[in-house]
Amino acid sequence: MSAAAAARKRGRSASGAGAGAGAGKRRRKADSAGEKGKSKGGGKMNEEISSDSESESLAPRRTEEEEEEELEETAQEKKLRLAKLYLEQLRQQEEEKAEAQAFEEDQVAGRLKEDVLEQRGRLQKSVAKEPLSFLVLGSVESRRKLHVIPRAKKGVEGQPPGHGSHILCMAISSDGKYLASGDRSKLIFIWEAQSCRHLYTFTGHRDAVSGLAFRRGTHQLYSTSHDRSVKVWNVAENSYVETLFGHQDAVAALDALSRECCVTAGGRDGTVRVWKIPEESQLVFYGHQGSIDSIQLINEEHMVSGADDGSVALWGLSKKRPLALQREAHGLRGEPGLEQPFWVSSVAALLNTDLVATGSHSSRVRLWQCGEGFRRLDPLCDIPLVGFINSLKFSTSGDFLVAGVGQEHRLGRWWRIKEARNSVCIIPLRRAPRPPTAGS
């Protein structure tokens, strides 16, 4: 190496040392300024090293290795947080699934419980407590007719089968397959319900056929008549089964549910009877003072009946006397001092509930609520309807009530209400909106 090159090398080394010394001086000054800034709580140096928080601005500076280590820990924490969130979502899904399964099991258990109570005749759903609104839409004349079976004319050969006298009762099997109709000419006609095609004609009664009912879930048919008898038929096999006797006057009405038994209203003999078909036995009930013209089962253990003494009775099949008796159920009529109760000409019950309807010729259908244990009958409301309410029936769902209205009573021509129309009236039963509560 030459002397000149060595001199240049020593110059560069001296310059580098001087720069290093200058940097050291600047670093010491900066540290001193930082201490001053910290002691004063601010200053220009604070702005140069500021961060999101004051505490971080006062923290000692970290090396690159420390920052990389912190970034690596943050990523792991994020993974841990996501894993915890996923596990929480799985837990919530399992809880919701378990709740849904428990709810479904409760629903099934509830339905099974209702089925058992219904079979035992102890099911009583409370529907009468719900507020209802009512509207009479009109007669069946304003609706589309599906089928018409013409009246059979006497002495005319070759005409299709049909009734030649007043039809007093009808019944449809629970599966909707068969329709039965009975008339004053002692005949029972069996029709295919969908097409109204004639299938059979049952003969055997010796007077007008006044009541018909299918046993639910079967094609067993019960009939009753003014000849005081109850007959049992097998419609599917087009056969007669047996005849039961006991009433002392013309039987006015009949009803049946799922059990192999039926109930009858005995008219002027003043009795309600429960017929146990397999045992060929009967239970006799007393309570009304007049002719018992209508009856219907509420469930397998309770029934309601109406009489021309103006009374409505609730019965339990284990008691020979009414559980509840509502006298003058539709009020009184006539001149002062000569008042007589309006006859109760029809009754209906929404199956397995506490809702009952009664009809008369008092220009209204009345709805009632059965009290607990069927030991009380409380009036709910009246539905205006002019004429003799000769029949009543709730739809299966309870969405509407059907009323058969006539100008005259179905069992005789004692009065005539000229302004009434012979019609079938459909009365929708809608749940009225509840009034808003305070604070809603």
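No experiment lies behind these values; they were computed from the predicted model shown.

Asks: Sorry, what's going on with the overall build of the protein chain here?
Replies: When helices and strands are tallied, the protein chain shows four helices and 26 strands. Counting across all 440 residues of the protein chain, residues that qualify as buried make up 39%. Contacts in the protein chain between residues far apart in sequence, at least 24 positions, make up 47% of those at least 6 positions apart.

Asks: Is there a simple way to explain the sheet that holds strand S13 (residues 281–286) in this structure?
Replies: The pairing of strands in a sheet happens through backbone hydrogen bonds and is either parallel or antiparallel. Pairing is antiparallel in the open sheet, where four strands are placed in the order S10-S11-S12-S13. Every interior strand has two partners, whereas the edge strands, strand S10 (253–255) and S13, have only one. Neighbouring strand axes in the sheet, compared pairwise and without regard to direction, differ in orientation by 20 degrees on average. By the bridge criterion, six bridges tie strand S12 (residues 271–276) to S13 in an arrangement that is antiparallel. Of the residues in S13, the one forming a bridge with Val-272 is Phe-285.

Asks: Teacher, can you tell me more about the sheet that holds strand S17 (residues 324–326) here?
Replies: Spatial strand order, S14-S15-S16-S17: four strands in an open sheet with antiparallel pairing. At either margin of the open sheet sits one strand with a lone partner, and together these are strand S14 (292–299) and S17. Neighbouring strand axes in the sheet, compared pairwise and without regard to direction, differ in orientation by 15 degrees on average. Note that strand S15 (residues 302–307) and strand S16 (residues 312–316) share five bridges and pair antiparallel.

Asks: Even after reading the chapter, I still don't get the nonpolar core, so can you show me in this structure?
Replies: Counting residues in hydrophobic clusters, the biggest one holds 17 residues, and the most contacted among them are Ala-357, Val-365, Leu-385, Leu-392, Phe-394 and Leu-401. Mapped onto this core, the elements with two or more residues apiece are strand S21 (355–359), strand S22 (364–370), strand S24 (388–394), strand S25 (400–406) and strand S26 (423–431).

Asks: Would you mind showing me how to read the pattern of salt bridges here?
Replies: Close approach of charged atoms lets side chains of opposite charge pair. Following the criterion strictly, the structure yields 10 salt bridges and no others. With a shortest N-O distance of 2.2 Å, Arg-91 and Glu-88 are connected by a salt bridge. Pair noted here: Arg-91 and Glu-88 are both in helix H4 (residues 64–120), with a separation of three residues, about one helical turn. One salt bridge connects Arg-366 with Asp-382, and the closest N-O pair in it is separated by 2.7 Å. With a gap of 16 residues between them, Arg-366 in strand S22 and Asp-382 in strand S23 (residues 377–384) connect regions that are remote in the sequence. Given the relative accessible area of 34%, Asp-382 is considered partly exposed. Here the residues in one salt-bridge network are Glu-88, Arg-91 and Glu-95, joined through shared partners.

Asks: Just to check I follow, could you spell out the pairing of S24 for this structure?
Replies: In summary, the side chains of a regular strand alternate between the two faces of the sheet. Taking burial as the measure, the seven residues of S24 include five buried ones, the bulk of the element. When S24 meets S25, the two strands line up antiparallel, connected through six bridges. Paired with Lys-393 across the strands is Val-402, a residue of S25. Once S24 ends, the chain turns through five residues before running back antiparallel as S25, passing Gly-398 with a positive phi of about 80 degrees.

Asks: In this structure, what is going on with the state of the cysteines? I would like to understand it.
Replies: Joining two cysteines, a disulfide is a covalent bond between their sulfur atoms. According to the stated counting rule, one finds zero disulfides in the structure shown. Summary of cysteine pairing: Cys-261 is not part of a disulfide, and the nearest cysteine sulfur, belonging to Cys-262, is at 7.0 Å. With a relative accessible area of 13%, Cys-261 lands in the buried category.

Asks: Where do I start with the packing of aromatic side chains in this structure?
Replies: Aromatic ring pairs are reported here in terms of the distance separating the ring centres and the angle at which the planes meet. Inspection of every chain in the model, using the stated rule, returns eight aromatic pairs. Judged by centre distance (4.9 Å) and plane angle (70 degrees), the rings of Trp-343 and Trp-415 are edge-to-face. One end of the pair, Trp-343, is in the loop between strand S19 (340–341) and strand S20 (346–349); the other, Trp-415, is in the loop between S25 and S26, with 72 residues separating them in the sequence. With relative accessibility at 15%, the residue Trp-343 sits in the buried group.

Asks: I would appreciate a short explanation of the side chain of Gln-296 in the present structure.
Replies: Mapped onto the elements, Gln-296 comes out in strand S14. Gln-296 sits in the buried class, given a relative accessible area of 7%. Here Ala-349 takes part through its backbone nitrogen, which lies 3.3 Å from a polar atom of the side chain of Gln-296. With sequence-adjacent residues up to four places away left out, Gln-296 is seen in contact with Asp-255, Met-303, Val-304, Val-347, Ala-348, Ala-349, Leu-392 and Lys-393.

Asks: Before we go on, may I ask you to explain a nonpolar patch on the surface in this structure?
Replies: Side chains of Tyr-86, Leu-87 and Leu-90 sit close together on the surface and give an oily, nonpolar patch of about 300 Å² of accessible area. Within the secondary structure, Leu-87 sits in helix H4. When its relative accessible area of 54% is taken as the criterion, Leu-87 is described as exposed.

Asks: Would you take a moment to explain the pairing of strand S3 (residues 178–183) for this structure?
Replies: When you tally the buried positions in S3, you get six out of six residues, the bulk of the element. Residues Tyr-178, Ala-180 and Gly-182 of S3 are buried on one face, and the alternating residues Leu-179, Ser-181 and Asp-183, pointing to the opposite face, are buried as well. Following strand S2 (residues 167–172), the chain reverses through five residues before pairing antiparallel with S3; Gly-176 in that reversal takes a positive phi of roughly 70 degrees. The antiparallel hairpin formed by S3 and strand S4 (residues 188–192) contains four residues in its connecting segment, where Lys-186 sits at a positive phi of about 75 degrees.

Asks: Help me understand unusual backbone geometry, please; the structure alone is not making it clear to me.
Replies: Most peptide bonds take the trans configuration, and most residues that are not glycine carry a negative phi. A positive phi angle, near 80 degrees, is found at Arg-228, a position not held by glycine. Its place among the elements puts Arg-228 in the loop between strand S7 (220–225) and strand S8 (229–234). Positive phi, normally seen in glycine, also occurs at Glu-328, with a value near 50 degrees. Mapping Glu-328 onto the fold places it in the loop between S17 and strand S18 (332–333).

Asks: Would you mind going over the side chain of Thr-224 with me for this structure?
Replies: The topology assignment puts Thr-224 in strand S7. Overall, Thr-224 belongs to the buried group, its relative accessible area being 0%. Only 3.0 Å separates the side chain of Thr-224 from the backbone oxygen of Ser-229, close enough to count as a polar contact. Filtering out sequence-adjacent residues up to four positions away, Thr-224 remains in contact with His-205, Ala-208, Val-209, Ser-210, Gly-211, Ser-229, Val-230, Val-251, Ala-253 and Leu-254.

The rules behind each value
- Residues numbered from 1 in each chain as written.
- Predicted model: local features only at pLDDT ≥ 70, side-chain atom pairs only at ≥ 80, totals over all residues.
- Heavy atoms only, no water.
- Helix = DSSP H or I, 4+ residues; strand = E, 2+ residues; numbered from the N terminus.
- Buried < 20%, exposed > 50% of the residue type's maximum accessible area, 1.4 Å probe, protein only.
- Contact = heavy atoms within 4.5 Å.
- Pairing = 2+ DSSP bridges.
- Axes fitted to C-alpha atoms, helices over the stretch in contact; angles between N-to-C directions.
- Core = buried A, V, L, I, M, F, W, Y, C linked by side-chain atoms within 4.5 Å.
- Salt bridge = Lys/Arg side-chain N within 4 Å of Asp/Glu carboxyl O.
- Disulfide = S-S within 2.5 Å.
- Phe/Tyr/Trp six-rings, centres within 6.5 Å; stacked < 30°, edge-to-face > 60°.
- Polar contact = N/O pair within 3.5 Å; in protein donor to acceptor, adjacent residues only side chain to side chain.
- Patch = residues over 30% accessible without salt bridge, like charges linked within 9 Å, V, L, I, M, F, W, Y side chains within 5 Å.
- Areas by Shrake-Rupley, 256 points an atom, 1.4 Å probe, with all protein chains shown as cover.

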